[in-house]
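Results of the structural survey
Residues per chain are reported as follows:
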Amino acid sequence: IRDFCLSRGLGDVYKRQTEKIRGKVIAYRTLCKLFICQHEKPFGLDLLSHFYRVILNGLSDNLEVKAAIISSAEFIFSYWLPGSSILIPSFLHEISSMIENNVHPELQRNIVTIVNSLICVPNNFSDLSIPWIEKQKELTTAKFRDEISKLLLTFLNPDNSTVWHSSSLMMSIWGMCVFLFEEMNSKVPRTGVIIQCLQALLFHIKNVSDQVANTACEALSTLTLIYQKFDELVPNAKYTIVQSLCDSIVGLLDAPGAKREKVIADNLYCLCDWLISNPNTILTDTNLCTMIWIAAEKGLLGDLVNPQDKVKVTVSVEEIQSISPLEST
């Protein structure tokens, strides 16, 4: 009887505790929806400071409550509410701890949204120093940049490529692209970080997901807009990118089974973008030119052609007219 009563007592305690956590989750979700949106009249600083204090308390609660806050407050830094920067150190710390465990896809996207919304902050506020209340220290601009780069590199880590949902990886890839623009235009660009970020993008050009591979290729093509910055900061970067694309194209073509034609085409388009952006320097490297030729030849013909073989190409007049702007005479 005693054991039965004790077990019922423990069960009631557990039930009450579960209901209390559920109530907290609902309360935090409601609070975030009330504050993190457009308002006709902005909230006063007194009310906002109470809101921030409640959020900070919630971020020190259990995992379920933390997840509820992060998922409901994904746009908190996009709206840039007055004084919301006080929450940045705690959010970054909790996100770093959270991604060490398995995170469900929806929460992954919420996390990436928060991090992506903070990418441009260090360059816009170069002298920013945010007090980190819980740790009783400050988050400087340099430390802020370090935290953002570490998180983005963690998102795109090869070990996470099968764990993270494809939509989360695609968001992270575009975040990394924006981060590279910001990093190379900062007052003190970090060459080592730029190289790491490029390597992370290059890993995903042949991702098992066609959508992720396409996104990686598009992001790399976008980076051709600042190829001159690459020449200044990382002169060998363009060679690494072109070589990786050639290796990827040849590897995808030689892979057994059905060919991933869309991914191969995306890689070829990206290769063309980099060749067009700076042909005078890229095409002066003999070894690189050989790799480009092999990738192009395999892409066009499916295999390398023996120089001694005669290749006969038959094209009809109708086919020529369909691709040529000139009228036949």
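Preceding block: the structure.
Read on for a plain summary of the structure. Keep in mind the model is a prediction, meaning the values are calculated, not measured.

**A word on empty space enclosed by the protein**
Summed over the entire model, instances satisfying the criterion amount to one cavity of 30 Å³ or more. Put simply, the largest cavity is a space of about 80 Å³. Elements with a minimum of two residues in the lining of the largest cavity: helix H7 (121-124), helix H8 (141-155) and helix H9 (166-184). It is H9 that provides the largest number of residues to the lining of the largest cavity, a total of three residues. When the residues that make up the lining of the largest cavity are grouped by side-chain class, the tally is four nonpolar, two polar and three charged.

**Comments concerning the environment of Lys150**
Tracing the chain through its elements places Lys150 in helix H8. By relative accessible area, Lys150 is classed as partly exposed at 48%. For the pair Lys150 and Cys197, spaced 47 residues apart in the sequence, the C-alpha separation amounts to 9.7 Å.

**Considerations on the packing of aromatic side chains**
Counted under the stated rule, the structure contains seven aromatic pairs. When the centroid spacing of 6.0 Å and the interplanar angle of 15° are considered together, the rings of Trp80 and Phe125 count as stacked. With a gap of 45 residues between them, Trp80 in the loop between helix H4 (76-79) and helix H5 (88-98) and Phe125 in the loop between H7 and strand E1 (129-132) connect regions that are remote in the sequence. Of the residues examined, Trp80 reaches a relative accessible area of 33% and is grouped as partly exposed. Members of the aromatic cluster, each reached through a chain of ring pairs, are Phe35, Phe43, Phe51 and Tyr52.

Thresholds applied
Residues take numbers from 1 onward in each chain, read along the sequence in its written order. Per-residue local features of the predicted model are confined to residues with pLDDT of at least 70, and side-chain atom pairs are confined, for both listing and counting, to 80 or more; whole-chain, interface and lining totals are unaffected and use all residues. In computing side-chain values, all of the structure's heavy atoms are included and hydrogens and water are not. Using protein atoms alone on a 1 Å grid, points that fit a 1.4 Å probe yet trap it form a cavity, whereas open point sets bounded by protein on both sides within 12 Å along at least five of seven lines form a pocket; residues with an atom within 4 Å of a point count as lining. Grid points are joined across faces, edges and corners, and a volume is the space filled by probe spheres set on the points. Put simply, DSSP H or I for four residues or longer makes a helix, DSSP E for two residues or longer makes a strand, and each gets a number counted from the N terminus. Under the grouping applied here, Gly and all other residues not named as nonpolar or charged are polar, the nonpolar ones being Ala, Val, Leu, Ile, Met, Phe, Trp, Tyr, Cys and Pro and the charged ones Asp, Glu, Lys and Arg. Residue exposure (1.4 Å probe, protein chains only): buried if accessible area is under 20% of the type maximum, exposed if over 50%, otherwise partly exposed. Each Phe, Tyr or Trp ring (for Trp, its six-membered ring) is paired with any other whose centre lies within 6.5 Å, and the angle between the two planes then decides the class: stacked below 30 degrees, edge-to-face above 60, tilted in between.

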